[in-house]
Structure formats: C-alpha cells, structure tokens
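# A look at the structure
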Amino acid sequence: MEDEHKITPGRYTILQRQGYTKLYKVKENGTVMIRHFTVETQNAVNAKFFDLFQMKPKGNSRKMCKLERVTSVDDDIKHTGGSGNDNRNIIDDGTSQTLTKEQIEELQDGSKSSVEIVNQLIANSKTFSSKTGYSQEKYKSKKQKKYYEYIYFRKPTIRILAQMFYRQDPTKVLGIRTDDLSQILAYANIQTDGKYILFDSGTSGLMTAAILNAIGANTSGKLVHMHPGNECQKVAVQAMDFPQEQLSRCINVNIYSVLRCFYQNSEENMLKRKLPLEEEEVVQKKMKLDDDVEEGIKEVVVATEEVEASNKNEVSNGKKTPGWQIENAKACELLREGVDGLIIVAKEHPASIVKELTQFLNVSRNMVVFHLLREPLQDIYIDLKKSLEFVNIKVSNNFVRNYQVLPDRTHPLVNMNSGGHILHGQKVQS
Amino acid sequence: MSFDGCKTVVTEGDTVILFLTVNQVYAITAEKKTKNKNGDLVPYVFQTPYGALKGEQLIGKEFGTKILLSKGWGYILQPTPELWTVALRHRTQIIYTPDISMITLQLELKPGSVVIESGTGSGSLSHALIRSVKPHGHLYTFDFHKERADIARQEFQDHGLQEYVTVYNRDVCCNGFDEALDGKVDAVFLDLPHPWLAIPHGVNSFKPEGGRLCSFSPCIEQVQKTCLKLREHHFQEIETLEVLQTQFSVQTRRLASLEMEYLKNPKEENDGDNKCEKQIVSTLTAIPPLSQPGHTGYLTFATMPPIWARSMKTIDDLDNDDNEN
Ligand SMILES: C[S@@+](CC[C@H](N)C(=O)[O-])C[C@H]1O[C@@H](n2cnc3c(N)ncnc32)[C@H](O)[C@@H]1O
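Residues numbered from 1 in each chain as written. Chains lettered and ligands numbered in written order. Predicted model: local features only at pLDDT ≥ 70, side-chain atom pairs only at ≥ 80, totals over all residues. Heavy atoms only, no water.

Stated formally: UniProt positions are given in the numbering used here, feature names are shortened, and annotations may be inferred rather than shown by experiment.
An unreviewed UniProt entry lists chain B under the name tRNA (adenine(58)-N(1))-methyltransferase catalytic subunit TRMT61A, with Nicrophorus vespilloides given as the organism. In its Subcellular location (unreviewed entry) section, the UniProt record describing chain B reads: "Nucleus". Here is the UniProt Sequence similarities (unreviewed entry) comment for chain B, exactly as written: "Belongs to the class I-like SAM-binding methyltransferase superfamily. TRM61 family."

The name recorded for chain A in an unreviewed UniProt entry is tRNA (adenine(58)-N(1))-methyltransferase non-catalytic subunit TRM6, from Nicrophorus vespilloides. Recorded in UniProt under Sequence similarities (unreviewed entry), the annotation for chain A is "Belongs to the TRM6/GCD10 family." The record held by UniProt for chain A lists under Subcellular location (unreviewed entry) the comment "Nucleus".

Spelled out as structure tokens, the structure:
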C-alpha cells in the first residue's frame, strides 16, 4: 500500500507543473527538462506522489536545477501602490516595463523564485499601479504562471495520459480526444469477463491501456491487440504499470501475421509439431508484409525483417518457438471462439479492416470504429447496411467546450478544438 | 438478470432489448407471467408497433437473433448500459451516454473502484457506473425520494447487479453519505439541485489517497456555487466542460446537375429536346438532425488530493483566464 504511492526508480510518473504534464520514468539519478532547465530529480526519489517540490538552481549553473521538498507555495506578491478604476490611462507602447529584456532574462537564471521575479517586474512597471485590481490580479497570475517553479509527481491514469498526449500532439493518439476515448469505451461495452479485439494503427498505446484498464486486474477478460507495424506502440501501457497477470491477458499481434496464421494455420500447426519455422515461409511472410504495407511505413517493414531475422536465429539456435508465434496461436484461438467487442481506431481507411474483422465478432456484440474523418465512416455505414449484419448503426461526433468558472468572470474558454468521428453498431444474425 | 457479463442465451427473468428501428428500442422481460393492476398473475404480453410479443417467447432464444412479430420482425439484444439508457422508463431527468462516458472516464473508474452517486434518479448513470467498477468494486447510490430508491433497488436486483450496488434512501445534503463509507471511496458523483451542500460530506468519504469528483448541473449558477465550494475544500484541477453529441444520418443523395456543355456549340434546329436535360449525380453525405439538444448539463470535475497533500497551499488553479483583453 505504501509503495503504491511512492516515486520509486523504474516506475513511470506524471510530472505536473500547473496544467503542464509530462511522462517521466523515475531513475535513481535522473534528470528531466522543465522549461529551459535540466532538473535533477534525485531528491524526489522515494518521496510520495503529490509531494510538492520547488525547482532550485544547482550551484552557479544557469541551466541546472535540483528539487527541494516544500510544504507550500510562496505566493506572497507585494504591491502596495493601489490600483486604477479602469484602463483608460493605460497605453500599451511597450515602454511600461523599465527592466530590459536582458535584465529579465537574468532574473530567470533560476536563482529567483517566481514570486521574486514577479515582484521585480511589478516594481519596475510604470503602469502597474494604474491598472484595475482585476487587471493586476490577471497580470500577477499570468506572470507567476510563466515562472512557476513548483512541481509534483503523480500516478499515471488513463484520463491524464489521454489529456497529455492530446495536448502534446493529437497525432500521437490518431486524434482521439478524451470525449472520443470515453465513448469508444462505452459503446464497446467493455466487460470484465469479455474478449475483445482492438485494431490500432498507433495511439502510443493509449487504446490498449484504456481497454486493459477497463477489463481490470484479477478478472478473466482478454484483449487481442492487432497492429499493422512490427512493434506495437506501448508507452501508455507501460506508464499504467499493470500487474503482470493483467498484462498477460493482452495479446499483441501483427494483423497480417495473425490473419495468415488464422487462415493457414501455420503457427498453430507448427506449435503442435514443435518444429522450427521453415526458411521459405519466413521469406514468404516478409514479402507478403512488404506488399501489404503502404509506402509510408517502409521503415517499419525494415524493422520487421530485423526482428524476424532475430526470431529465426532463436528458432535455429535454441529450437524454441518464438514469442510472436505463441502470441499468434493464442490470438487465433480467441478469434475462433469469437469476441465480445471489436474496436477499430485506424489512420488507414478502415473499410477493409472492418470487412475482415467483423467475422470474429459474436452476435449481439458491439463494434466501434473511430476515424478522424467522417467520410470513411460513411462508406462503412453503407457497407454495413448492405450486409444486414449490423443494426443500430450510428455515426456521430462531439462538440466539447471547456469553461472558466470564476466569480463574475465565467465564460467558455477562448480556444477549442474538434474531435474525430465514431461509428458504432451491434452485430446480429442476418 | 442479463446485465452482468456476457450472455448468449436468454433465460427466464432476463431483460431483453427489442430492437425494431433506431427510434424503436424497447426493454422487455423474458417472463411467462406478470402481475396486473389487481396483483393477479397474468401472462406477460408486450405490445410492439408490429404486434404483440409474449415474454415467454423470448426464453431460450439467442441474443442477436431475429424475432418474428405478427406484423414484422425485430432483433433481440443483450442489454448494455447504453441500450438501457435509451430504453428505460424515465422517472426523472436522466443523463445520456455522451455525458455518462465522460463521467466514467474522468472519474477514473476501473474494476475495483468504490463510487458514490447521488441522486439515483432513474438509474441511467448507475448502470454504467456499475459496469465500470464490478466485479470487485461497488456503487453506493443515494436518493431522498423513497419510491425512486425502492424501484432502483428492485431494478438492480432484476438485472442481476445487486451484489455490486447498495441503494440508500437518504437526503445527502442534510445527512451526508453513510459514515461507514468515510475514507473508503475513490469517486463521488453528484446530480443534485444543490450539489454544493453535498460536497463537504463527500470530502470525508474519499480514501486517504484521494480521488475524483464530478457534479452534473444544468445551470451555470449551480456550477459557480459548486466551484467555489470545491476550492474551499481544497479540491484541485477543477474543470468545467460540456459535451454535445451530433448523430448523423448517412444518406446517398441524388442531386440534379445542370447541363451546359451544349451551349458551346452553335444552336441546331433539331436538338430542341435535349437542351435542358439534367444529369443526376449521386453523393454520399452525412446530415445532422434538423434540431438537436443544444445543452444537457455542465460537467464539473475535480481532484481530491491524497491526505498528505490536502492542506498544502498550491496555486495550481491560478486564474486560467485565457481571454486576452
Ligand atoms: C435528475 S435526477 C438523477 C438522474 C440520474 N443521474 C439518472 O441518470 O438517472 C436527481 C435525483 O436526485 C434526487 N435528489 C435531489 N435532492 C436530493 C438530496 N438532497 N438527497 C438525495 N437525493 C436527492 C431526486 O430525488 C432525483 O431522483
């Protein structure tokens, strides 16, 4: 119980500085970049999540910081010069701040706290006293936010990871916004005793982690995670630090490789025969992969060959069955039994993936397809209608709006973004 | 009985979803007899727009198969919380799937989580909460309306979910949540007219390691009071948002296209007929509804930090005003 909340070496944490979050794997003597500082995290090791740290300069270095445990944030901003009633006398001609750019930069060398910096800025501002109380507050918090030097560590959760990836770069998660993720999971009806297929062409492991999280620890649910490349993306899965028992119920397979196994029974037979993979078959598979994979993912193909080569070595040396073949065989077994949910999040056109994978979905179970664009989902909608295999098919997207809620200053946030599109439906016996 | 886990065959007592069209989705019980108004047992018959369906007929059928009605047919499906939300009988205003999904994700629920909900209302949200936390977790749901609490309790029993949920008939604003839950809860959800009155009680319920809170309110004044109360009680990451979903109708539209090529050629005497001939072009499109809900409620989320960080003074939610003027 105690350890669960400790910042122990080897574990992934979310480093939080106000609204800014960053995934950080704790090392005994690690460093992490925060703003333009390299921060040594040594002093946080074995502290607890949510313990507060202040970034303090290390020695005379302008670039290095260390962390110091504190119990509260110093926000004692001093200003006694009064305030104006409105901003009629404020002229923004860029001369109100008497400190030069160089002087301000010097303030930020790390030896001053954010409060000290803000106090300096205020003391040297010609117009601060004539700003309204409201503008002064805003100025202070804006500046303090900029120079804020307090951080804490916390345990990664699906919510935090989803928000973090999306904020850093939506393409890291194929454009899946938090609301999209939440609805993919809901419409897929993830139950703790279910078996699911996920096709994911690259969400940094977020989709896998989210489904695995919903399946839960010490349950019987299983996930077959199909990916088009060689290695599956798994940052989010690692960050979630699932127990081995739970992790082992997620079977990661290459979609081409597992389908070949399914149709041609090769790995399964091979497992039975306990014979090494035949040379020819490996070559054949590589070529097939080359054919299947689009131009854009050529690097992945190269990597695949490397891995297959090393797999081959393993086979010929130790006469052991390579891991990926065991995974394929395990996955094929689940495919034969049929699954309780099919989730497809693709950057490709998902029509062929849908066509191929729906055969594995049991009736009365849900399929969810996410795509950033609506048009591919329209195509699938028409295909499904024609097939008569699905009912209750819906295509939707969301409008999400965040609000600032403050006394007398409540309004929607000025910036917003647009999410992707979701198609879902239930399979029936046609 | 059919809400707990994955089921393939309908057994007696199961709730079954009858799907006729997207707008005709019904919940039916697979039972031979039901009590009529006088309390006598009579055969259970459900009237659909396509003819009557005997509850008995469903028993032994497989979920996902066709069922014949006298004037048509439909499909029977195993209920999911999402289908239930569409089919349930409203006893109060209910929360719908787009908000529900956001709530379960942002409350960071997973199997094993312990969650408090108030009020229970029609149990629309409750079913999704239970799915997220079972089999090891638990939902404690509170409603001060005795009949609603009783019906909900019976419904969870009928749905085979009773071991994952406890229903209380209690005024949470006056009396708080059960003291027995103090320090035991991962998440608190409020859908109340005065959520700010329940927040001080909710604080005590959180586990020492903290957790998440959500309040759903239709009015912005409720949100403002709630946010003030959350700050007062040292919640962090206070965030308010709304989610609106648009469902598209996918259609192939046939549109007329004007022919103008012929205008480039000199006019001929005998082609008077095909001059204004129009071409038809097919185009695939997705059309939003003519009118749809433009507001459901504001969702306010917040984090209760762990006990060792609760009294700590931070300025994490400094004025996040991004309005530059
Ligand atoms: C809008 S309904 C909740 C609907 C529910 N979220 C759903 O999705 O079905 C609000 C419920 O809160 C209950 N309620 C209102 N004030 C309450 C209080 N102080 N304590 C307990 N329940 C209360 C009402 O009886 C009502 O059933």
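Picking up where we left off.
## Observations regarding helix 8 (residues 220-232) of chain B
Turn by turn, an α-helix covers 3.6 residues, leaving residues three or four places apart pointing in a common direction. Residues and elements named next belong to chain B. Using the following cut-off: Per the convention used, a helix needs a DSSP run of H or I reaching at least four residues, while a strand needs a run of E reaching at least two, with both numbered from the N terminus. One fewer than the residue count of a helix, multiplied by 1.5 Å, yields its expected span. Categorising residues by exposure relies on relative accessible area from a 1.4 Å probe, with only protein chains included: less than 20% of the type maximum marks a residue as buried, more than 50% marks it as exposed, and the intermediate range marks it as partly exposed. For this quantity, the arc is that covered by the directions from the helix axis to the C-beta atoms. It only takes one pair of heavy atoms within 4.5 Å for two residues to be counted as in contact.
The terminal C-alpha atoms of helix 8, which comprises 13 residues, lie 18 Å apart, in line with the 18 Å expected from a rise of 1.5 Å per residue. For helix 8, the complete set of buried residues consists of Gln222, Val223, Thr226, Cys227 and Leu230. Looking straight down helix 8, one finds that the buried residues subtend no more than 130° of arc, so they occupy a single side. Of the surrounding elements, those touching the buried residues of helix 8 are helix 7 (195-205), strand 13 (211-217), strand 14 (236-257) and strand 16 (298-304). Positive backbone phi, approximately 65°, marks histidine 234, located one or two places after helix 8.

## Quick notes on the site of the ligand
Residue and element names in this part refer to chain B. Using the following cut-off: We call a residue near a given molecule or strand whenever any one of its heavy atoms falls within 4 Å of it. The term polar contact refers here to a pair of N or O atoms within 3.5 Å; inside protein, the definition further demands a hydrogen-donor-capable atom paired with an acceptor-capable atom, and it admits residues adjacent in sequence only when both atoms are side-chain atoms. Areas reported here follow the Shrake-Rupley algorithm with a probe of radius 1.4 Å; residue values treat only the protein chains shown as occluding.
In the neighbourhood of the ligand, 23 residues make up the surrounding shell, with Asp143, Phe144, Arg148, Asp171 and Asp191 lying closest. Contact distances for the ligand include 3.2 Å between an oxygen atom and a backbone N or O atom of serine 124. Aspartate 191 has a polar side-chain atom sitting 3.0 Å from a nitrogen atom of the ligand. Look at the ligand: alone it shows 610 Å² of surface, and the protein chains cover 92% of it. Put simply, the parts of the chain that give the shell around the ligand at least two residues each are helix 4 (124-133) and helix 6 (172-175).

## Quick notes on the sheet that holds strand 8 (residues 72-77) of chain B
Residue and element names in this part refer to chain B. What counts, and what does not: In this scheme, strands are said to pair when DSSP sees at least two bridges between them. Axes here refer to lines fitted to C-alpha atoms; in helices the fit is confined to the stretch in contact. Angles between the N-to-C directions go from 0 to 180 degrees.
Read across the open sheet, the four strands follow the order 2-1-8-7; overall the sheet is antiparallel. The sheet is open, and its two edges are formed by strand 2 (24-29) and strand 7 (66-69), each paired on a single side. Mean inter-strand twist for the sheet, computed between neighbouring axes without regard to direction, equals 35°. Alignment of strand 7 against strand 8, held across four bridges, turns out to be antiparallel. In the sheet register, leucine 69 faces strand 8, and the bridge partner there is glycine 72.

## Considering the domain arrangement of chain B
Here is the rule: The start and end points of each domain follow an automatic or database-based domain assignment.
Examined at the domain level, chain B breaks down into domain 1 (15-79) and domain 2 (86-244 + 294-324). A separation of 34 Å is found between the C-alpha centroids of domain 1 of chain B and domain 2 of chain B.

## Some thoughts on the domain arrangement of chain A
All names here are of chain A. Basically, it comes down to this: Buried area is understood as the total, over both parts, of accessible area removed when two parts are fitted together, assessed with a 1.4 Å probe.
Taken domain by domain, chain A comprises domain 1 (2-73), domain 2 (101-149) and domain 3 (158-278 + 320-427). Computed from C-alpha atoms alone, the centre-to-centre distance between domain 1 and domain 3 is 33 Å. With eight residues of domain 1 at the interface, the matching set in domain 3 holds nine residues. In total, about 670 Å² of surface goes out of reach between domain 1 and domain 3, with carbon and sulfur atoms giving 61% of it. For the pair domain 1 and domain 3, the number of links is three residue pairs in polar contact (both at pLDDT 80 or more).

## Side note on the sheet that holds strand 6 (residues 64-70) of chain A
All names here are of chain A. Overall, mixed pairing links the seven strands, which are arranged 2-1-7-5-6-4-3 in an open sheet. Edge positions in the open sheet fall to strand 2 (20-25) and strand 3 (31-34), since each of these has one partner strand only. Strand-to-strand twist of the sheet, defined as the mean angle between neighbouring strand axes without regard to direction, takes the value 35°. Pairing geometry for strand 1 (residues 12-17) and strand 7 (residues 150-154), over three bridges, is antiparallel. Paired with isoleucine 14 across the bridge in strand 7 is arginine 154. Across the sheet, helix 4 (residues 158-168) is in contact with strand 1, strand 2 and strand 7; its angle to strand 2 comes to roughly 110°.

## A closer look at unusual backbone geometry
Across the junction of B:Ser118 and B:Gly119, the peptide omega takes the value -10°, indicating a cis bond. Backbone torsion omega between B:Lys134 and B:Pro135 reads 5°, so that peptide bond is classified as cis. At A:Asn46, a residue that is not glycine, the phi angle is positive and equals roughly 70°. For A:Asn46, the position within the fold is in the loop between strand 4 (37-40) and strand 5 (52-57). With a relative accessible area of 42%, A:Asn46 lands in the partly exposed category. Phi at B:Glu237 takes a positive value of approximately 50°, unusual for a residue other than glycine. Examined against the element boundaries, B:Glu237 turns out to sit in strand 14.

## Let's talk about helix 7 of chain B
Residues and elements named next belong to chain B. Among the residues of helix 7, Pro195, Trp196, Ala198, Ile199, Gly202, Val203 and Ser205 are the ones counted as buried. Buried residues of helix 7, viewed axially, fall in a sector of 155°; they line one side. Structurally, helix 7 contributes buried residues whose contacts are with strand 9 (114-118), helix 6, strand 12 (187-190), strand 13, helix 8 and strand 16.

## Brief notes about the side chain of B:Ser101
With respect to the element layout, B:Ser101 can be found in helix 3 (residues 97-106). At 2.6 Å, the side chain of B:Ser101 and the backbone oxygen of B:Thr97 are in polar contact.

## Focus on the side chain of B:Ser124
Residue and element names in this part refer to chain B. As for its position among the elements, serine 124 is in helix 4. At a separation of 3.1 Å, a polar atom in the side chain of serine 124 contacts the side chain of threonine 85. The contact partners of serine 124, leaving out residues within four places of it in the chain, are Thr85, Leu88, Ile94, Ile95 and Ile100.

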